[in-house]
Structure formats: C-alpha cells, structure tokens
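Each chain, written out:
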Amino acid sequence: MATSARVTPRPSQGKDAIYSWEGKDKKGRVVRGEMRAPGEAVVTVTMRRQGVLITKIRKKTFRKGRRISEKDISLFTRQLATMMRAGVPLLQAFDIVAKGHANPSMARLINDLRADVETGTSLNQAFRKFPLHFDTLFCNLIAAGEQAGILEELLDRLASYKEKTVAIKAKIRSALFYPCAIMAVAVIVTAVIMIWVVPAFKSVFASFGAELPAPTQIVMAISDFTVQHAFVIFLTLGLGLYLFFQAWRRSPKVQHFMDRLLLRLPIFGNVIRKATIARWTRTLSTMFSAGVPLVESLDSVGGASGNAVYVDATRRIQSEVSTGTSLTVAMQNVEVFPPMVTQMVAIGEESGSLDQMLGKVADFFEQEVDDAVERLSALMEPLIMVVLGVLIGGLVIAMYLPIFKLGSVV
C-alpha cells in the first residue's frame, strides 16, 4: 500500500533547492517526500543510506511572486506564534506556513529561514540575515525570547505589535489616499482640457472677430503654452517627483525637513502626530515588557516611529536616560510629547508598571487616530468637491464667456 513519508533533509550549504522525490523502502512500499539539497545526486545518495530507492525526483520551482509586504511579515509572525503555542516543532511550523502562503516570494523566504535554522543557526540570527524584512526590533525580541525561554509568548506579543502597526499605517494611508487620488484625477482632467478641448474652442472663437474676455484669453494663453511644451512639462514634473522622493528616502536633511513639515500640516498633521506617538509608545511597551533594558529598548523605538523628528528626539532621550535621568524628564525635555503622555509615563515609573502604562497610551492614541480618520473622511469630501468645482467650473465658464457675450450682442 502506498504511503507518504517526510524525511528530514540534510544540512544545506550554498544555493540549495527543494526536491520532491518518490521511491520504495526496504519493504517495497511507495514513499514520498521533499528534501532541500544542492542537487539530485545528493538526494539520491541520502535516501539510499536511509534504505529508500529513488524512482522519481523533481526540482520544485516557485513563481516569482509579488514583493513581500509588511502585512505578509505580520501574518507570518501570527501563524508562527499560533503553531508554536500549539506545540508544533519549529521546523515543521516553517514547512506548514511556507506551503500555505499565497505569496511565492514569502514562501521562498520562509524556506531560507528554515534552512538556516536547520543547520544550527539560532532563530534570531536567521532573521538578522534578512534585514529588509525583519528589523532590529523584531530580531531583538526574538533573541530575548530565546534567551529567556519564552519564545512562544514573545512571538505572540510581536505578532500583536505587527498587526497593530500595520493597521495604524493602513488608516493613515486611507486618510491620505482619497484626496491624493482626487487631485491626481483633477490634474489629468485639467491637462486634457488644456491640450485638446481649449484648442478646439480657439478655432471657433477665431471666426467671431471680437475681442475675447480676459479670463478666456488667460486660459487660452495657458493652453498654448501647455500644448507647445507638453513633453517638457510632463518630463520635468515626472523627473522632479522622482528625484524628490529619492531625496526624501535617502537624504537625512530632506527627511527631517519633510517629517517636520508633515507634523505641521493644518489638517493631516495632528493625525500623523497621533499615529507616530501610538507607534512610539507601542514599540517601547512591547520591548520593555519583553525584559529588554530601557536604554537598549530605545535603540529600536525611534526607527519604529517612522518620523525623523521622533528619531532625533529618541536619541536625546536615550542619551539622557543612560546618564541616570528618568524617562519622564527626558521625554519632557525633547518637547515632542503631549503632557498626557509624559504624565502617564510618570505614573508608570512610580508604580513600576511602565509597560502597561505605555500600552494604555498606545491604545488611546490608536483610538484617536481611528476617530480622526473618520472625521477627515467626512470633512474632505465637501472640501474636494469645492476645489474641483472651482477648478473645472472656472475653466468651463472661461471658455463659454465669449458665447454668452456673443448672444447678448445678437
């Protein structure tokens, strides 16, 4: 009777691949399995030593897949935490998650992690080999869990942290996406009117033989300029946006300027500040509750906040705390936290429950972000309609003014 077997692969070295094999054991039963190995010959020899005669072997191929997102990492962390709490061995948990993941790129990453752990590498060191997907905070918490023997508990906390972080970032994106999308559509519609519609009206107005109103002349002058230099305008605009975002990503000075500017925006600045404080306090709460010393916890907190202003503030806080200053005083000195936050931190320090107080602050500001996003959605719709009405309506009126004037003359 045919049976299925899962044979533990040999330690992998170099660029290994995963092979599916089928063979017969010493009793003549059909067995199947998978193995990570450098080549087919290694699979054949390894299985022969285990008493299995290979009859079929095939290298598994993976689709390219999409880019690994923060949501993929969050889901992977939750799945790994759930299975380890259920008592599933780590290597088997990696196998289960990799097979069930919808993103082939994430499946390859998990298989690479499994191969490293299988050769004796610690879990946190395996994660550190992929800094693009697992940041310092993630790796430090895994290391703390391994050292203290509470890896399952810390994986669960880390999964909750990642889920809350992804959720709050999604809320900020949703608040910004709608107005940005509408303005982009407005720009496209305006360009179409200037390049194709206005020139058609211009040929009609040429037969009037009368002086055109000032608004119409201004719109036609802008249209002539746009038509003559359309390629240069769009190329300059596209290149300028590309260079701007590259500078924002790579230049610390530009990052600091833009992050400070974002915090001062009239409508969105307050939401961004609350979201940043929520991430800052959530990160520090998670690190501190995991047993990581306060000074070391602050290493990861600034970067997790996602804002250069708070990164600089965190460095100053860390410097003061390392010299004996209390966290409350250090946070008050940087002047980027509301009094409510510093008061809650002071209570936490006095009562010895700093991690719990920081968690409550994070919960409060996450709820504030939810409420602010809902209010913004209600506010932005009429505001955007007014802007579009003035822009598009102004162009239409300017082009129809000569027709109205002609009708009054007749």
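Rules and cut-offs
Residues numbered from 1 in each chain as written. Predicted model: local features only at pLDDT ≥ 70, side-chain atom pairs only at ≥ 80, totals over all residues. Heavy atoms only, no water. Axes fitted to C-alpha atoms, helices over the stretch in contact; angles between N-to-C directions. Helix = DSSP H or I, 4+ residues; strand = E, 2+ residues; numbered from the N terminus. Parallel < 35°, antiparallel > 145°, perpendicular 65-115°, else oblique. Left-handed = near helix turned anticlockwise from the far one by under 90°. Contact = heavy atoms within 4.5 Å. Polar contact = N/O pair within 3.5 Å; in protein donor to acceptor, adjacent residues only side chain to side chain. Buried < 20%, exposed > 50% of the residue type's maximum accessible area, 1.4 Å probe, protein only. Patch = residues over 30% accessible without salt bridge, like charges linked within 9 Å, V, L, I, M, F, W, Y side chains within 5 Å. Areas by Shrake-Rupley, 256 points an atom, 1.4 Å probe, with all protein chains shown as cover. Salt bridge = Lys/Arg side-chain N within 4 Å of Asp/Glu carboxyl O. Pairing = 2+ DSSP bridges.

A. Inspection of the packing of helix α2 (residues 70-85) against helix α3 (residues 90-100) at higher detail. It is the contact of α2 with α3, at a shortest axis distance of 10 Å, that shows an interaxial angle of 135 degrees. The orientation of α2 relative to α3 falls into the category oblique. When you trace α2 past α3, the crossing you get is right-handed. Contact residues: F76, Q79, L80, M83 and M84 in α2; L90, A93, F94, I96 and V97 in α3.

B. View of the environment of A230. One can find A230 in helix α9 (residues 230-250). As for A230 and A102, which are separated by 128 residues in sequence, their C-alpha atoms are 43 Å apart.

C. Region of the structure containing the environment of S351. Positionally, S351 belongs in helix α15 (residues 339-351). Sequence separation of S351 and T286 is 65 residues, and the distance between their C-alpha atoms is 18 Å. Here the side chain of S351 touches S353 through a polar contact of 2.7 Å, side chain to side chain.

D. Broad picture of the side chain of T165. Of note, T165 is situated in helix α7 (residues 151-205). Given the relative accessible area of 6%, T165 is considered buried. What T165 contacts, discounting residues up to four positions off in sequence, is E70 and R279.

E. Summary view of a nonpolar patch on the surface. A surface patch of nonpolar side chains, about 640 Å² in accessible area, is lined by F225, I233, F234, L237, L241, F244 and F245. For the nonpolar patch, the element with the most residues is α9, which contributes six residues. Here L237 is to be found in helix α9. With a relative accessible area of 45%, L237 lands in the partly exposed category.

F. Broad picture of the environment of V292. Within the secondary structure, V292 is located in the loop between α11 (269-289) and α12 (294-305). Sequence-wise, V292 and N140 are 152 residues apart; in three dimensions their C-alpha atoms are separated by 8.4 Å. In this structure V292 touches A144, M287 and S297, once residues within four positions along its chain are discounted.

G. Structural view of the pairing of strand β2 (residues 30-37). Most of β2 sits inside the fold, with six of its eight residues counted as buried. Where strand β1 (residues 17-24) meets β2, eight bridges bridge the pair, whose relative direction is antiparallel. In the strand pairing of β2, I18 is matched with R36. The antiparallel hairpin formed by β1 and β2 contains five residues in its connecting segment, where G28 sits at a positive phi of about 85 degrees.

H. Up close: the sheet that holds strand β3 (residues 53-59). As summarised here, the arrangement of the three strands in space is β2-β1-β3, forming an open sheet in which the pairing is antiparallel. The open sheet terminates on both sides in strands that have one partner only, identified here as β2 and β3. Each neighbouring strand pair of the sheet contributes to a mean axis angle of 25 degrees, computed without reference to strand direction. Its contacts with the sheet place helix α1 (residues 40-49) against β1, β2 and β3, and it is angled at close to 130 degrees to β2.

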